[in-house]
Protein chains: 2
Amino acid sequence: MKFIIIGGDAAGMSAASKAKRQIPEMEVMVLEQSDDVSYSACGMPYNIADADRDINDLIVRKAHVFREKQGIDLKTGHRVESIDITEKTVSGINSAGDTFRFPYDDMLIATGGSPILPDIPGIALPGVMALKSLNDGRKIKSYIAGHRVQRVAIIGMGYIGLEMAEALRSRSIDVDMIKPGPVFLPWMKKELSDIVRKELEENQVKLFYGHSIHRIETSGNQLKLIGPGQTLTVDMILVAIGIKPNSKLASDSGLEIGVKDAIAIDKEMRTSDKHIFAAGDCADAFHVVSGKKAWIPLALRANRAGWAVADNVCGKSVELPGIVGTAVFKVFDLEVARTGLTESEAIESGFDPAGVVIQTRSRAHAHPGSSTISIHMLADRKTGRLLGTQMVGKEGVAHRINAIAVALHNHMTVEAFSQADLAYAPPFGPTWDPLLTTANQLIKKVN
Amino acid sequence: MKFIIIGGDAAGMSAASKAKRQIPEMEVMVLEQSDDVSYSACGMPYNIADADRDINDLIVRKAHVFREKQGIDLKTGHRVESIDITEKTVSGINSAGDTFRFPYDDMLIATGGSPILPDIPGIALPGVMALKSLNDGRKIKSYIAGHRVQRVAIIGMGYIGLEMAEALRSRSIDVDMIKPGPVFLPWMKKELSDIVRKELEENQVKLFYGHSIHRIETSGNQLKLIGPGQTLTVDMILVAIGIKPNSKLASDSGLEIGVKDAIAIDKEMRTSDKHIFAAGDCADAFHVVSGKKAWIPLALRANRAGWAVADNVCGKSVELPGIVGTAVFKVFDLEVARTGLTESEAIESGFDPAGVVIQTRSRAHAHPGSSTISIHMLADRKTGRLLGTQMVGKEGVAHRINAIAVALHNHMTVEAFSQADLAYAPPFGPTWDPLLTTANQLIKKVN
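Residue positions are given per chain, counted from 1 along the sequence in the order it is written. Labels are handed out in written order, letters beginning with A for the chains and numbers beginning with 1 for the ligands. Reporting in this predicted model follows two pLDDT cut-offs: at least 70 for local features of residues, and 80 or more for side-chain atom pairs to be given and counted; totals over whole chains, interfaces and linings ignore these cut-offs and use all residues. The basis for every side-chain value is the complete set of heavy atoms in the structure, and neither hydrogens nor water enter the calculation.

Caption draft 1: The arrangement of the sheet that holds strand β10 (residues 151–155) of chain B in detail. Residue and element names in this part refer to chain B. In this scheme, strands are said to pair when DSSP sees at least two bridges between them. Think of it this way: any DSSP run of H or I at least four residues long counts as a helix, any run of E at least two long counts as a strand, and we number them from the N terminus. Here 5 strands make up an open sheet; going across it, the order is β9-β16-β10-β11-β12 and the pairing parallel. Pairing within the sheet leaves two strands with one partner each, and these edge strands are β9 (128–130) and β12 (205–209). On average, each strand axis in the sheet is inclined to that of its neighbour by 20°, with strand direction left out of account. Where β10 lies against strand β11 (residues 174–179), 5 bridges are found, and the strand directions are parallel. When the sheet's bridge partners are listed, isoleucine 155 is paired in β11 with isoleucine 178. The convention used is that axes are lines fitted to C-alpha atoms, helices contributing only their stretch in contact, and that angles between N-to-C directions extend from 0 to 180 degrees.

Following this line, the structure appears as C-alpha cells:
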C-alpha cells in the first residue's frame, strides 16, 4: 500500500503523520517542491515584525524528524508535473534536474494556494514581493534587512495585507495600502469596517481604495506604483490581493474542479477519482450554513482535512461536516472576527437575512478599562436561524466569536442562542454578554 | 391588573421594567426591603479594591428613574413578611414602622439569597462582615477606611472569597483564607485547582483548608479566629462561605420548595401557585446537561428569568430551556472558567464520565507572550455527549468557555464538537484551538 502526498505543508504533513501513526507499515511518500515543510505560515507577519527573530523559528517540525522519527519518505525539492490517474502514477522533476515517476495506490493532492499577482507591467521587478511560502517570508525579511526600506506599498486589503501593515509599522516603516475596489473591506458591515479603517489611519497607514494600478517602474533605488492621476513612490511593494487554489495539476489530470477553481471534493475529501483525495487551500469544502460548496482557505481546515484523508486512506471512513467560515485577525489594537455568512452571501444562498449592528462594552458597568465591542449579527427572517456574525473590538472578540461558530454548526435559531448560559464576570463582560444583547435585538427582526 | 414584585434587585427590576414596557397601563409595584435597587453586585469586589471609587458607582439605575421615567411603583424600605396565597395579598412593614397589605393579581418572588453565616460564637462581632448586598459593600468599604485594616481573614473559598482576596491584596492588605473542608476547590479537577492555589500563594494569600473554626473573639482592636491548635489574629473577617436562597417567605406561604431549599419553579418560572412566579437567586432552574433541577445562583440567569416572568405575566408565554452552569472569575492574573457538570455531578446524574486534562498554549507556536491554558473536559463514555469543561489560564479562558456552553445547550457529542470551525490567528491561539485539542484527546476515551 503506497500513499503519495503532493505538497508538504499543513494538510499534506498532517495526513502523512496521521497515516503513518495509524498504519506504521504503510509506505507514505511526500513530494514537496520547496525545501520547507511544516511551518506556521500564519505566523509570518509577526515574525517579519521583529527584525531580531529568525524566520526559521516558524518551523514546527524539521524535515529530518519526519524522515527519521516518523518514517515518512519525505522528498523535498520534488516538483510534481503530472498525474496519470489511469496508470496511477505521478511524474515530475527534482531540484537536481532529475525526473521522477512513482506509482501510488492512494494519493492526496495538497498543493495549497498561490498569491494572485495582478497582470501589470513591472510585477516581476526586484522589490515586488508576495507572502505565502516560508521562502517568501525569507525574501521579504532579507530585502528589508538589505535595503533602506522606509516606505512600503501593499496592494490589496485582505487579512494578510492588514497583518503586514501592522508588522511593517511596528518596524517604523511607512505603509500605503492600495486597491482598485471602491470599498475598504467589502465583506464587512460598514459600521464595523469603519472602525478598522480608523484604527489603520490612527496608526498612520494610508489607505487608497478605488485606485487602479497601471504599472510598476523602478526609479533609482525605489519603485513607483503608477495609476491614473496618482503615483506612490516606495522602497518595496507587497502584493496581498489574495490567493488562488493550486488546482492546475488536478484539472490537467482530468479531476473535477469546484467553486472558485478549487478542487471539488466530497465530505470524505475524495476528488472525482476515488483514489485521489484533496485537502487544504487547493480544495473546496461544504459550508454548513449555506449548505453549498465554498472555498475558504484557512489553516485549521487544512490540518483537519489532512487528518480526515489519513483516516480514509487507512480505511476508517471519516466525513467532515464542513466549515462555517470562522476567521479572526488582529490589526494593531483591534481584534476582528467573523463567522458564517455575510449579508450578500446569505441572500445568494437563498436566505432572507435580517441584521442588527450593536455596540456594547467589553467589561461590566463601572468596571475600569472597558472598551467598545461592535457586533453585526444576521438571522434568517423566515426561520430565525442564525446566519453569521462579525465583531470588532479591542478585547473580548477573538474567542467570543467561537460561541456563534458552534451555534452555526448546530443550526441554532437566534432565539435559542439568546437563551445560552454564557459566562459573566465584571472584568470580562457585561451581565448580558455582548452576543446575547445582540441576539436579543435581532429576535425583534425575525418572526 | 396588578403585578407585585418582592425584591428590587436583578430579577425583580428586570421583570418590573419589561412588564411596564410591554403593558404600560399595568400596575407594577416593587417592594424592596433595602434602599438599593439595580446595582452591579458582582462588581463589588472590584470597587472595594479601589479606595478612591464610590461604591454608589455600582448603581446602574436610580430608584427615581424607575418611578418617574418608567412608572414603576417602587417602594424601598418595604419588607414583606407574609403572603396570603388564598386572598392574594402581601403584608409587611416599612422602614417608618408602618404595616402594609397589598392585593395582587400576579406576583413575583425575587428575594435573592443571603450569605451563609457559620453558627459560631462571635459571628456577630463588629468587624465580621459578609458581602452580598450593596449595603454590605458599603460597610466593608467604610470599615476599611475607618480602621487600621492590615490583615483580613476570609472564611470560605468560593468565587466571592477569591475575588475579595485579590481586591484586598491590591490594597496591600494581608489575606488569610480559611475553611473547614479538606479540599481547596472541591468542584475543580485537582490539576487545575493546583494552578489557582499557586496563583494565590504567589500573591501572598495564605490558605488554610481543613481548618475548623470554633469561635471569634475580640482582642484589643483586633479579632481572633480560633480553631483547634490555631489562632488567626486579624483586623477584619469576611465570611464568604456561600449563599442560601431566601425562600422562607415562599415556604411559609405554602409554596413548593425544590433543590437546595430554593423555590421550585417550572420552565415558565411559575411556582406551585400559578399566580406566583419566582426568579433569581431564590429560585431553582432546569440544568440542560443533567436534565434535572439545579440551584446555581448567577446574575445572567436572574436577569433573564426576570424578563421571562414579565413575558408570562403579560400573556406572552415564554419557557426558558435552562442553564448549563457557566461561570467565570478572575483571580489575580488568572482567568478561571467552567461550564456543565463536574465529574461527581456527572456520575450523580447517571452519566459514565470520561475525562482528560490537557495543557496547551494561549498563542500559536513561536508567537511571543504565550502562556499555558489548562483544560479539563468531560464526556459520557456511552454516548460521547459533552458533559462539562473547566479551564484555567492567564488569557484566552473567559470567553473561550462559551463555545462549550453553546455545545452543551445543543447536546453535542465530543466528536461533533471536535469538528467545530473555531477561529485561529497566531496572537489568539494555536491552529487547533485548545478546546479542539482537548476534544481530540477526549474522543479516544469514549466508545
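There's plenty left to go through after this.
Caption draft 2: Region of the structure containing the relation of the copies chain A and chain B. Mapping chain A onto chain B is achieved by rotating through 180° and translating by 0.0 Å along the same axis, at an RMSD of 0.1 Å. Both copies of the chain, as the preceding transformation shows, are related through a two-fold rotation axis. Measuring from the rotation axis to each C-alpha of chain A, the shortest distance belongs to alanine 403 of chain A, at 2.0 Å. Here a residue-residue contact requires only that any non-hydrogen atoms of the pair lie within 4.5 Å. Of the interface residues in chain A, 100% have counterparts in chain B that sit at the interface too, so the contact is made through matching surfaces. The copies are overlaid by a least-squares fit using only the C-alpha atoms of residues whose pLDDT is at least 70 in both copies.

Caption draft 3: The arrangement of the pattern of salt bridges in detail. Residues and elements named next belong to chain A. In the sections that follow, a salt bridge refers to a side-chain nitrogen of Lys or Arg positioned within 4 Å of a carboxyl oxygen of Asp or Glu. Here the structure, examined in full by the defined rule, presents 44 salt bridges over all chains. Here glutamate 81 makes a salt bridge to arginine 79, at a shortest N to O gap of 2.8 Å. Accessible area is worked out with a 1.4 Å probe on protein chains only. A residue is then buried under 20% of its type maximum, exposed over 50%, and partly exposed in between. On the accessibility criterion, glutamate 81 (43% relative accessible area) is partly exposed. Judged by its relative accessible area of 38%, arginine 79 falls in the partly exposed class. Through salt bridges with shared partners, one network takes in Lys190, Asp194, Arg197 and Glu201.

Caption draft 4: Structural detail: the interface of chain A and chain B. Listed by partner, the interface residues are 59 residues for chain A and 59 residues for chain B. Throughout, the accessible surface (probe 1.4 Å) given up by two parts as they are put together, summed over both, is called the buried area. Buried area between chain A and chain B, both sides added, is near 5,100 Å², and the carbon and sulfur share of it is 66%. For the chain A face of the interface with chain B, the top three residues by lost area are His399, Asp421 and Phe428 of chain A, together amounting to 15%. Here chain A and chain B share 0 salt bridges between them. At the level of secondary structure, the elements contributing two or more residues to the side of chain A that touches chain B comprise α8 (299–313), β21 (327–331), α10 (401–409), α11 (414–418) and α12 (434–443) of chain A. All amino acids are sorted into three groups, where Ala, Val, Leu, Ile, Met, Phe, Trp, Tyr, Cys and Pro are nonpolar, Asp, Glu, Lys and Arg are charged, and the leftover types, Gly among them, are polar. Here the residues of the side of chain A that touches chain B sort into 34 nonpolar, 17 polar and 8 charged.

Caption draft 5: Focus on helix α5 (residues 159–169) of chain B. A large share of α5 of chain B lies buried, amounting to 9 of its 11 residues. Along α5 of chain B, the residues that are buried comprise Gly161, Leu162, Glu163, Met164, Ala165, Glu166, Ala167, Leu168 and Arg169 of chain B.

Caption draft 6: The arrangement of the packing of aromatic side chains in detail. Only Phe, Tyr and Trp rings take part, Trp by its six-membered ring, and two of them pair if their centres are within 6.5 Å. Stacked means planes under 30 degrees apart, edge-to-face means over 60, and tilted covers everything else. According to the stated counting rule, one finds 11 aromatic pairs over all chains in the structure shown. For the pair tryptophan 432 of chain A and tryptophan 307 of chain B, a centre-to-centre distance of 4.6 Å together with 25° between the ring planes defines the contact as stacked. One end of the pair, tryptophan 432 of chain A, is in the loop between α11 and α12; the other, tryptophan 307 of chain B, is in helix α8 (residues 299–313), on a second chain. Residue tryptophan 307 of chain B is classed as partly exposed on the basis of its relative accessible area, which comes to 25%. Here the aromatic rings of phenylalanine 100 of chain B and phenylalanine 102 of chain B are separated by 5.3 Å at their centres, their planes lie at 25°, and the arrangement is stacked.

Caption draft 7: Just unusual backbone geometry, in detail. A positive phi angle, near 75°, is found at methionine 269 of chain A, a position not held by glycine. The residue lysine 88 of chain B is not glycine, and still its phi comes out positive at about 55°.

Caption draft 8: Just the sheet that holds strand β21 (residues 327–331) of chain B, in detail. Residue and element names in this part refer to chain B. Strand order in the open sheet formed by 5 strands is β21-β22-β25-β24-β23, and the pairing between neighbours is antiparallel. If you trace the sheet from one side to the other, it starts and ends with β21 and β23 (353–361), each paired once. Across the sheet, the mean angle from the axis of one strand to that of its neighbour is 10°, orientation sign disregarded. Of the strand pairs in this sheet, strand β24 (residues 372–380) and strand β25 (residues 386–393) are connected by 7 bridges, and their pairing is antiparallel. Pairing of leucine 378 across the sheet is with glycine 388, part of β25. Sheet contacts for α5: β21 and β22 (334–340); angle to β21, the most-contacted strand, approximately 25°. Strand contacts of helix α12 (residues 434–443): β23, β24 and β25, with the helix running at about 140° to β23, the strand carrying the most contacts.

Caption draft 9: Structural view of helix α1 (residues 10–22) of chain B. All names here are of chain B. To estimate how far a helix should extend, the number of its residues minus one is multiplied by 1.5 Å. The end-to-end C-alpha separation of α1 is 18 Å, in line with the 18 Å expected for 13 residues at 1.5 Å each. Listing the buried residues of α1 in full gives Ala11, Gly12, Met13, Ser14, Ala15, Ala16, Ser17, Lys18, Ala19 and Lys20. Of the surrounding secondary structure, the elements contacted by the buried residues of α1 are β1 (2–6), β2 (27–32), α3 (63–69), β3 (73–76), β7 (106–109) and α8.

Caption draft 10: Looking closely at the domain arrangement of chain A. Residue and element names in this part refer to chain A. Throughout the structure description, domain borders are defined by an automatic or database domain assignment. What the domain assignment lists for chain A is domain 1 (2–38 + 61–112 + 244–313), domain 2 (117–239) and domain 3 (327–443). For domain 2 and domain 3, the distance between their C-alpha centres works out to 31 Å. Taken together, the contact between domain 2 and domain 3 spans 17 residues of the former and 20 residues of the latter. For glutamate 166, the salt bridge goes to lysine 330, with nearest N and O atoms at 2.6 Å. Each polar contact in these results corresponds to two N or O atoms within 3.5 Å; when the atoms are within protein, one needs to be able to donate a hydrogen and the other to accept it, and residues that are neighboring in sequence are counted only if both atoms are side-chain atoms. Linking domain 2 with domain 3 are 6 residue pairs in polar contact (both at pLDDT 80 or more), by the criterion used here. Every element with two or more residues in the side of domain 2 that touches domain 3 is listed here: α5 (159–169) and α6 (190–202). Considering only residue class, the side of domain 2 that touches domain 3 consists of 10 nonpolar, 1 polar and 6 charged.

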